[in-house]
Amino acid sequence: MKLLRDIRPIKVENYKLLVLNQLKLPFQEEWLELKDYLQVAKAIKDMIIRGAPLIGIVGAYGFAMGIKQYKNQNPDSLKVKADQIYNTLINSRPTAVNLSWALDRMTTKFKNLTQKGIYGSKLVDELFTEAKRIDLEDFHANKAIGGYGEVLIKENSRILTHCNTGALATSGWGTALGVIRTAYENEKNIFVYVDETRPYLQGSRLTAWELLQEGIPYQIIVDSCAGFLMKQGKIDAVIVGADRITLNGDVANKIGTYSLSVLAKQHNIPFYVAAPTSSFDLNLEKGEDIIIEIRDKKEITHCGNCPVAPQESDALNLSFDITPAENISTIITERGLITEVNREKILKFFNKS
Ligand code: MRU
């Protein structure tokens, strides 16, 4: 078994939250301290940290930090502040369900503790512990996803992945990239094609950086190259992450995922989605119900600060798309696999049928 580097995107020390600034990668490893919940919300919005599970984890710490800021207020005003903190954090990015999942868990904990008369430093400690639990559970979930997913990866596979779903998008290890990591750790001979993932370049900036740390062989391709590589028989599997999975198995993920799923179907290539169960939103029936984030057009018309389009151009920057369940071969979770994804299978998987 190979020993891989333990990449972690955040550090929490003495109630301080330090995050690896993903806007600076791969050129600089800069750690930023986020000092209050408003800075946490801004860091999520500005994509200093990103990736569905990590947004949830950082949101949870942000909630605990917010309560710490106001811990000496009386119970009524603390409750008002808690709602304010929740709303600010939840509105930082709309598509990944992990943020509301983690914040709902934090507010439930807050309510339970305050109902028991727990306030002040004890309340803050308990909330930081709950955020740490969310953080650690995610790490273990990723390892389990890696274990379940790795067996689907055949020896000598050439795998295509999109966006960044690795240690940088989670508490560590990763979901789709975690499956790739686990296969490599288990000494499988694999090769990774990394979609550059326009416009934010999570593939070429972040996934390539992670693969390089581990020595996993890869090549970056432009997003539009995938179809032709499939036609040439050079891709054996596609594996991506998820930002939200609805009851019928539709998956919201980084823009470009839907096109890959159509191409994979056309070329008879397995299309895997790797995600923790915290990425499922069983309150939403289907993909069309998901809010798709639209980001600043400047992310398309510029590369960094350099213009790459006529100044007057308008641009539509849809950050995510929806892949229908019928295009997905298997969803890989920490609790096992869901194959031939549909509503009934998902209800059964969550013991709700
Ligand atoms: O806009 P981003 O970088 O936050 O988008 C990230 C993705 O789309 C990932 O594929 C998804 O969050 C899964 S990460 C394990």
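For every chain, the first residue of its written sequence is number 1, and the numbers climb from 1 along that sequence. For a predicted model such as this one, the threshold for reporting local features is a pLDDT of at least 70, and the threshold for listing and counting side-chain atom pairs is 80 or more; totals across whole chains, interfaces and linings nevertheless cover every residue. As a rule here, side-chain values come from all non-hydrogen atoms in the structure, and water together with hydrogens is ignored.

Visitor: Requested: an account of the nonpolar core, with residues and values cited.
Guide: L17, F63, I67 and L127 are the most contacted members of the largest nonpolar core, which has 40 residues in total. Among the secondary structure elements, those contributing two or more residues to this core are β2 (16-20), α1 (37-45), α2 (52-69), α3 (75-90), α4 (97-115) and α5 (120-150). When residues of this core are assigned to their parent elements, the largest contribution, ten residues, is made by α2. In contact with L127, other than residues within four places in its own chain, are F63, A64, I67, M106, K109, F110 and L113. Put simply, buried Ala, Val, Leu, Ile, Met, Phe, Trp, Tyr and Cys residues joined by side-chain atoms within 4.5 Å make one nonpolar core. For each residue, the accessible area found with a 1.4 Å probe, counting protein chains only, is set against the maximum for its type, and the residue is called buried under 20%, exposed over 50%, and partly exposed in between. Formed by 28 residues, the second largest nonpolar core is a distinct cluster that contains I235, L247, I269 and A325. Helix and strand labels come from DSSP, where a helix needs a run of H or I of at least four residues and a strand needs a run of E of at least two; each type is numbered from the N terminus. Any two residues whose heavy atoms approach within 4.5 Å at even a single point are treated as in contact.

Visitor: Let's hear about the environment of T114: which residues, and what values?
Guide: Mapped onto the elements, T114 comes out in helix α4. For the pair T114 and G233, spaced 119 residues apart in the sequence, the C-alpha separation amounts to 59 Å. The residues contacting T114, other than those within four sequence positions of it, are Y119 and L123.

Visitor: Which residues make up unusual backbone geometry, and what are the values?
Guide: What is expected of a backbone is that most residues other than glycine have negative phi and most peptide bonds are trans. That bond from L25 to P26 is cis: its omega, 10°, falls within 30 degrees of zero. Within the fold, P26 resides in the loop between β2 and β3 (31-34). A cis amide bond links R198 with the next residue in sequence, P199, at an omega value of 0°. Mapping P199 onto the fold places it in the loop between β5 (191-195) and α7 (202-214). In this model, T197 sits at a positive phi of 70°, which is unusual for a non-glycine residue. On the secondary structure map, T197 appears in the loop between β5 and α7. When its relative accessible area of 0% is taken as the criterion, T197 is described as buried.

Visitor: Account for the sheet that holds strand β14 (residues 320-323), with residues named and values stated.
Guide: If you trace the four strands from one edge of the open sheet to the other, you get β11-β8-β9-β14, paired in mixed fashion. With one partner strand each, in any of the chains shown, β11 (280-281) and β14 form the two edges of the open sheet. DSSP calls a pair of strands paired once it identifies at least 2 bridges connecting them. Pairing analysis gives two bridges linking strand β8 (residues 244-246) to strand β9 (residues 251-254), with the strands arranged antiparallel. Residue pairing for β9: I245 is matched across the bridge by V251. A fitted line through C-alpha atoms serves as each axis, taken over the contacting stretch for helices, and the angle formed by two N-to-C directions is quoted from 0 to 180°. This element, helix α9 (residues 257-266), spans β9 and β14 of the sheet and lies at about 30° to β14.

Visitor: Go over the domain arrangement of the protein chain, please, and point to the residues and values.
Guide: Each domain span listed reflects an automatic or database assignment of domains. Domains assigned within the protein chain are domain 1 (10-142) and domain 2 (153-349). Each partner contributes residues to the interface: domain 1 has 27 residues there, and domain 2 has 33 residues. Note on definitions: buried area is the accessible-area loss of two parts on being combined, 1.4 Å probe, summed for both. Summed over both partners, the interface of domain 1 with domain 2 buries about 2500 Å², with 55% contributed by carbon and sulfur atoms. Salt bridges are counted wherever a side-chain nitrogen of Lys or Arg sits within 4 Å of a carboxyl oxygen of Asp or Glu. Run the count over domain 1 and domain 2 and you get one salt bridge. In this structure, the salt-bridge partner of R93 is E293, at a minimum N-O distance of 2.8 Å. Within 3.5 Å is the distance limit for a polar contact, defined as a pair of N or O atoms, with the added protein rule that one can donate a hydrogen and the other accept it, and that residues adjacent in sequence qualify only through two side-chain atoms. Here domain 1 and domain 2 share 19 residue pairs in polar contact (both at pLDDT 80 or more) between them. Secondary structure elements with two or more residues in the side of domain 1 that touches domain 2: α2, α4 and α5.

Visitor: Please provide a residue-by-residue account of the state of the cysteines, values included.
Guide: We call a pair of cysteine sulfur atoms a disulfide whenever their separation is within 2.5 Å. Scanning all chains against the criterion turns up zero disulfides. The thiol of C225 is not disulfide-bonded; the next cysteine sulfur, from C163, is found 18 Å away. By relative accessible area, which is 23% here, C225 ends up partly exposed. With no disulfide of its own, C303 lies closest to C306 among cysteine sulfurs, the gap being 7.0 Å. Exposure remark for C303: the relative accessible area of 40% places this residue in the partly exposed category.

Visitor: Any details on the sheet that holds β2? Residues and values, ideally.
Guide: Within the open sheet, the three strands sit side by side as β1-β2-β3. Their pairing is antiparallel. Of all the strands in the sheet, just β1 (10-13) and β3 have a single pairing partner and so form its edges. Taken over all neighbouring pairs, the strand axes of this sheet differ in orientation by 25° on average, direction set aside. Sheet topology places β1 next to β2; four bridges connect them, and they run antiparallel. Counterpart to K11 in the pairing with β2 is L18.

Visitor: Any details on the side chain of R50? Residues and values, ideally.
Guide: Here R50 is to be found in the loop between α1 and α2. Buried within the structure, R50 lacks any salt-bridge partner; E210 is the closest side chain of opposite charge, at an N-O distance of 6.2 Å. Within polar-contact distance, the side chain of R50 engages the side chain of Q22 at 3.1 Å. Of note is the side chain of R50, whose polar atom sits 2.8 Å from the backbone oxygen of N164. Setting aside anything within four residues of it in sequence, one finds R50 in contact with Q22, I55, R93, C163, N164, L168, A169, Q202 and L206. Positive residues here are Lys and Arg, negative ones are Asp and Glu, while His and the chain termini are left out of the count.

Visitor: How would you summarise the side chain of T301 if you had to cite specific residues and measurements?
Guide: Structurally, the position occupied by T301 is in helix α10 (residues 298-301). Judged by relative accessible area, T301 falls into the buried class, the value being 8%. Here the side chain of T301 touches H302 through a polar contact of 2.9 Å, side chain to side chain. Excluding anything up to four places from it in sequence, T301 contacts C306, P307, V308, A309, S313 and A315.

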